[in-house]
Amino acid sequence: MVIASPHARADVHLDAIAHNTALFAAATNAAVMAVVKADGFGHGAVPVARAALAAGASWLGVTTCAEALHLRAGGITAPILSWLHSPLEDYGAALRSTVDLSVSSREHLRAVAVSAARQGITAEVHLKADTGLHRGGARPEEWRKLVRLARDLETTRHVRVRAVWSHLVSATDPAATRLQVQLFDDAVEIAQDAGLRPELRHLANSAAALGAPRTHYELVRPGIGLYGVEPDPRHAFGLRGAMTLRARLILVKRVPAGSGVSYDHDYVTDRDTTLALVPLGYADGVPWAAARHAEVSIGGRRYPVAGRIAMDQFVVDAGDDNPRVGDEVIVFGPGDDGEPTVADWASWANTVPHEVITGIGPRVARHHVHAHTHQSDEYEESLRV
Ligand SMILES: *Cc1c(COP(=O)(O)O)cnc(C)c1O
């Protein structure tokens, strides 16, 4: 059971999701698959999917069949691709709900065909080629056998190959991407020579969807960019941050110079100062590793985090300013008002923005808002201390 904190919440700006989706759609002639895995990167898969579909996406991408079924249970009828399975699972429920399945090996394809035959329906599969990531996907030797088996199974009508696809290694290395495009084209040609007629080819993630047009084919698969994190730190494409993590101060106190703060006194005040307590910690996804560099925004001003981030709380050094109990703290947001962003926290914690954004914990209630500045009364009410 999840028990939400009364002191903190994450606003999810669906207008930002829409803006970012439209930006991806405008950057390509291909169709857009909104990647809403891991509960929409922590933003809420169903509301994000709806916002993205309304703004120009036509496909949804998820990892497990359970994630796909969650979208169907939420009333979403758009095409969905699920891409992370074991050949040992039963695909019946996903196939009955018209979820397309990625397949990486013959063992996996046979399992999908068995499930489809049992249901008396046709499985729509996306055959995945390993073009260099060496994670999922079939290697060249296996690929030839996989496409031949797929062609044989198509004659049984329990399998149809809708797509051939792969995944890129690097967001920032054009030479690596060029090589993968070439290997991908080879894989498509081998599939066609085997008699397959895939209607879709897809390869691009967020970075490639914005920066590498030759990877677009018929479909692009943006994830992180939909949530407003620039996929290539060297370029600003105009994406807008979709989540604001906020809390209310629950305690403010004055301490003398020389006061050690938080566990093991990593931080010692160098003057008399005011400390403010924020009721969020690493159990809520505020990265422990970021403490020495991190800042938050209170009343439009940045203040440093003082000492270690604990499981449930951290301390801010407000100097000689006078924050009050109940004042709002922005941990991260789109950055419009000078507050830190997800990318800032990722660099402070020496990790990727994906880990920060998907790490926001279950105590933080997600509040979906349609306009950037909108705050509901319910929100104000819920944060009153
Ligand atoms: C997560 C994922 C994406 C989205 O990648 P981003 O870099 O977040 O845009 C696309 N395709 C696959 C297979 C993924 O797992």
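Criteria and cut-off values
Residues numbered from 1 in each chain as written. Predicted model: local features only at pLDDT ≥ 70, side-chain atom pairs only at ≥ 80, totals over all residues. Heavy atoms only, no water. Helix = DSSP H or I, 4+ residues; strand = E, 2+ residues; numbered from the N terminus. Buried < 20%, exposed > 50% of the residue type's maximum accessible area, 1.4 Å probe, protein only. Contact = heavy atoms within 4.5 Å. UniProt positions renumbered as here; feature names shortened; annotations may be inferred. Salt bridge = Lys/Arg side-chain N within 4 Å of Asp/Glu carboxyl O. Domains from an automatic or database assignment. Near = heavy atom within 4 Å. Polar contact = N/O pair within 3.5 Å; in protein donor to acceptor, adjacent residues only side chain to side chain. Nonpolar A, V, L, I, M, F, W, Y, C, P; charged D, E, K, R; others polar. Pairing = 2+ DSSP bridges. Axes fitted to C-alpha atoms, helices over the stretch in contact; angles between N-to-C directions. Core = buried A, V, L, I, M, F, W, Y, C linked by side-chain atoms within 4.5 Å. Phe/Tyr/Trp six-rings, centres within 6.5 Å; stacked < 30°, edge-to-face > 60°.

A few words on the environment of Val 356. Tracing the backbone through its elements, the reader meets Val 356 in helix 11 (residues 353-358). Val 356 gets classed as buried once you look at its relative accessible area, which sits at 3%. Each C-alpha atom, one on Val 356 and one on Lys 37, is 15 Å from the other, the two residues being 319 residues apart in sequence. If we skip the residues at most four places from it in the chain, Val 356 touches Pro 287, Phe 332, Val 342, Trp 345, Ala 346 and Thr 351.

What UniProt calls "active site" (unreviewed entry) maps, in this numbering, to Lys 37 and Tyr 263. In summary, the annotated positions, distributed over 227 residues, remain apart in three dimensions as well, the widest C-alpha pair reaching 35.5 Å. Sequence-distant contacts of Lys 37, that is, excluding residues within four places in its chain, are made with Gly 61, Val 62, Thr 63, Glu 67 and Trp 83. Secondary-structure assignment places Tyr 263 in the loop between strand 12 (260-261) and strand 13 (267-268). Contacts of Tyr 263, omitting those with residues within four sequence positions, involve Arg 308 and Ala 310.

Scanning the model with the defined rule gives 21 salt bridges in all. Among the salt bridges present, the one from Asp 270 reaches Arg 271, with a minimum N-O distance of 3.1 Å. Given the relative accessible area of 64%, Asp 270 is considered exposed. Close ionic contact of Arg 363 with Asp 284 constitutes a salt bridge, the shortest N to O distance being 2.9 Å. Placement of Arg 363 in the loop between helix 11 and strand 19 (365-369) and of Asp 284 in the loop between strand 14 (273-278) and strand 15 (295-298) is noted, with a sequence separation of 79 residues between them. Judged by relative accessible area, Arg 363 falls into the partly exposed class, the value being 29%. In the salt-bridge network here, residues are joined through shared partners; they are Asp 100, Glu 124, Arg 160, Arg 162 and Glu 199.

Attention shifts here to the domain arrangement of the chain. When the domains of the chain are assigned, the result is domain 1 (14-227) and domain 2 (243-351). Between the C-alpha centres of domain 1 and domain 2 there is a distance of 40 Å.

In the region of the ligand, the neighbouring residues are Lys 37, Phe 41, Trp 83, Trp 165, His 167, Asn 205, Ser 206, Arg 221, Pro 222, Gly 223, Ile 224 and His 354. Trp 83 has a polar side-chain atom sitting 3.5 Å from an oxygen atom of the ligand. A distance of 2.8 Å is found between an oxygen atom of the ligand and a backbone nitrogen or oxygen belonging to Ile 224. Among the residues forming the shell around the ligand, the class breakdown is five nonpolar, five polar and two charged.

This brings us to the sheet that holds strand 9 (residues 219-220). As summarised here, the arrangement of the eight strands in space is 2-3-4-5-6-7-8-9, forming a closed barrel in which the pairing is parallel. Examined bridge by bridge, strand 8 (residues 200-204) and strand 9 share two bridges and lie parallel to one another. Of the residues in strand 9, the one forming a bridge with Ala 204 is Val 220. Docked against the sheet, helix 4 (residues 65-73) engages strand 3 (59-62), strand 4 (80-82) and strand 5 (99-103), running at close to 160° with respect to strand 4.

Moving on to unusual backbone geometry. We note that Thr 98 has phi near 50°; this positive angle belongs to a residue other than glycine. Position of Thr 98 among the secondary structure elements: in the loop between helix 5 (92-96) and strand 5. With a phi angle near 55°, His 134 is a residue other than glycine that sits in the positive phi range. By secondary structure assignment, the location of His 134 is in the loop between strand 6 (123-128) and helix 7 (140-154).

Moving on: the nonpolar core. In terms of nonpolar packing, the biggest core is built from 114 residues, with Trp 143 and Trp 345 touching the most fellow members. Each of domain 1 (14-227) and domain 2 (243-351) gives at least three residues to this core. Setting aside anything within four residues of it in sequence, one finds Trp 345 in contact with Val 286, Pro 287, Ala 290, Ala 294, Glu 295, Val 296, Val 305, Ile 309, Val 331, Phe 332, Pro 340 and Val 356. With six residues, the next largest nonpolar core counts Val 261, Leu 277, Ala 306 and Val 315 among its residues.

In this section: the packing of aromatic side chains. Given two aromatic rings, their pairing is described by the distance between the two centres and the angle made by the two planes. Tallied over the full model, the rule gives four aromatic pairs. Seen in terms of ring centroids, Phe 41 and Tyr 227 are 4.6 Å apart; in terms of plane orientation they differ by 20°. Their pairing is stacked. A residue pair is termed long-range when its members are at least 10 positions apart, and Phe 41 in helix 2 (residues 37-41) and Tyr 227 in the loop between strand 9 and strand 10 (243-248) qualify at 186 residues. Taking the relative accessible area as the measure of exposure, Phe 41 reaches 5% and is therefore buried. With a centroid separation of 5.6 Å and an interplanar angle of 40°, the aromatic rings of Trp 83 and Trp 165 are classed as tilted. In this pair, Trp 83 sits in the loop between strand 4 and helix 5 while Trp 165 sits in strand 7 (residues 159-165), placing the two residues 82 residues apart along the sequence. We classify Trp 83 as buried; its relative accessible area is 16%.

It is worth spelling out the side chain of His 85 at this point. Inspection of the secondary structure assignment puts His 85 in the loop between strand 4 and helix 5. In this structure the side chain of His 85 is engaged in a polar contact, spanning 3.4 Å, whose partner is the backbone oxygen of Ser 102. Setting aside anything within four residues of it in sequence, one finds His 85 in contact with Thr 63, Cys 65, Tyr 91, Leu 101, Ser 102 and His 108.

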